[in-house]
Amino acid sequence: MSAYSPGGHWSHLALVGWVTFGPGLYAVLLVAGWWTARHRRAPVMAAAIWAPVGAVAAALVNQPIEHLTTVPLPLPHGMAARTAELPAPSDHVAVAAATAVGLLLVSRRLGLLAGGVAAIMAVTFAVGGVPLKDIAGGAVVGATVTLIGFVLFEGPVRRLVARARRTRLRPIAGPGKVS
């Protein structure tokens, strides 16, 4: 059987590739977002700082949701069974969506690039056999956690960035724009 035929190993290899190298690719995109935001206003730098925090938060929020998907079903005579009828949102897709949304807050270009990469990853996961409800669930969790977190924490992070730009942390926080 050919590696490119249905049932071949190409989809498995693509899936393993995304799982292995995807986090590194997103890390590079997040560093590019930080580098881009260094010379912009404090709210943009706050978004660049929040983007990786949002990705980690999405993974942390997704873990309990993923474990809740198996529910015990009572059976006669005191026996119990477990079922996974509920979707188990994908951690990888949640982090990818959180990164894409976070970078969209920093730069439209980087956000669209990260969104395109996330879409390619989602298609690869679907072809590799991950259920679509798990992919969609991960995307919803990742995007929601990042957006809600940014709305809640943008003010304090922005003020920290403004303070850091007046200290020895200026090389990290960037010079920013005054107006």
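Residues numbered from 1 in each chain as written. Predicted model: local features only at pLDDT ≥ 70, side-chain atom pairs only at ≥ 80, totals over all residues. Heavy atoms only, no water.

A look at the packing of helix H3 (residues 91–106) against helix H4 (residues 108–127)
Then step 1. For the pair H3 and H4, interaxial distance at closest approach is 6 Å and the crossing angle is 165°. For the element pair H3 / H4, the angle class is roughly antiparallel. The crossing of H3 and H4 is left-handed. Residues His92, Val93, Ala96, Ala100, Leu103, Leu104 and Val106 of H3 pack against Arg108, Leu110, Gly111, Leu112, Ala114, Gly115, Ala118, Met121 and Phe125 of H4.
Then step 2. Looking at side-chain class alone, the contact of H3 with H4 contains 12 nonpolar, 3 polar and 1 charged residues. (Axes fitted to C-alpha atoms, helices over the stretch in contact; angles between N-to-C directions. Helix = DSSP H or I, 4+ residues; strand = E, 2+ residues; numbered from the N terminus. Parallel < 35°, antiparallel > 145°, perpendicular 65-115°, else oblique. Left-handed = near helix turned anticlockwise from the far one by under 90°. Contact = heavy atoms within 4.5 Å. Nonpolar A, V, L, I, M, F, W, Y, C, P; charged D, E, K, R; others polar.)

Points about the packing of aromatic side chains
Then step 1. This structure, assessed with the given rule, holds 2 aromatic pairs.
Then step 2. Across the ring face of Trp35, the terminal group of Arg38 is positioned such that the distance to the ring centre comes to 4.5 Å. (Phe/Tyr/Trp six-rings, centres within 6.5 Å; stacked < 30°, edge-to-face > 60°. Lys NZ or Arg CZ within 6 Å of the ring centre and 35° of its normal.)

Let's talk about a nonpolar patch on the surface
Then step 1. The grouping of Ile148, Leu152 and Phe153 at the surface amounts to a nonpolar patch, some 310 Å² of accessible area in total.
Then step 2. By secondary structure assignment, the location of Phe153 is in helix H5 (residues 132–164).
Then step 3. The partly exposed category is assigned to Phe153, whose relative accessible area is 42%. (Patch = residues over 30% accessible without salt bridge, like charges linked within 9 Å, V, L, I, M, F, W, Y side chains within 5 Å. Areas by Shrake-Rupley, 256 points an atom, 1.4 Å probe, with all protein chains shown as cover. Salt bridge = Lys/Arg side-chain N within 4 Å of Asp/Glu carboxyl O. Buried < 20%, exposed > 50% of the residue type's maximum accessible area, 1.4 Å probe, protein only.)

A few points about the environment of Gly155
Then step 1. Mapped onto the secondary structure, Gly155 falls in helix H5.
Then step 2. Since its relative accessible area comes to 14%, Gly155 is described here as buried.
Then step 3. With 109 residues separating them along the chain, Gly155 and Ala46 place their C-alpha atoms 8.3 Å apart.

Things to note about the nonpolar core
Where a protein is soluble and globular, its nonpolar side chains tend to be buried together.
Then step 1. If you look at the biggest cluster of nonpolar residues, it comprises 18 residues, and the most contacted ones within it are Tyr26, Leu29, Leu103, Met121 and Phe125.
Then step 2. Contributions of two or more residues to this core are made by helix H1 (10–37), H3 and H4.
Then step 3. Broken down by element, this core gets its largest block of residues, 7 residues, from H4.
Then step 4. Those residues in contact with Phe125 that sit more than four places away from it in its chain are Leu15, Trp18, Val19, Ser90, His92, Val93, Val130 and Ile135.
Then step 5. Within the second largest apolar cluster, 12 residues are counted, among which are Ala42, Met45, Trp50 and Val106. (Core = buried A, V, L, I, M, F, W, Y, C linked by side-chain atoms within 4.5 Å.)

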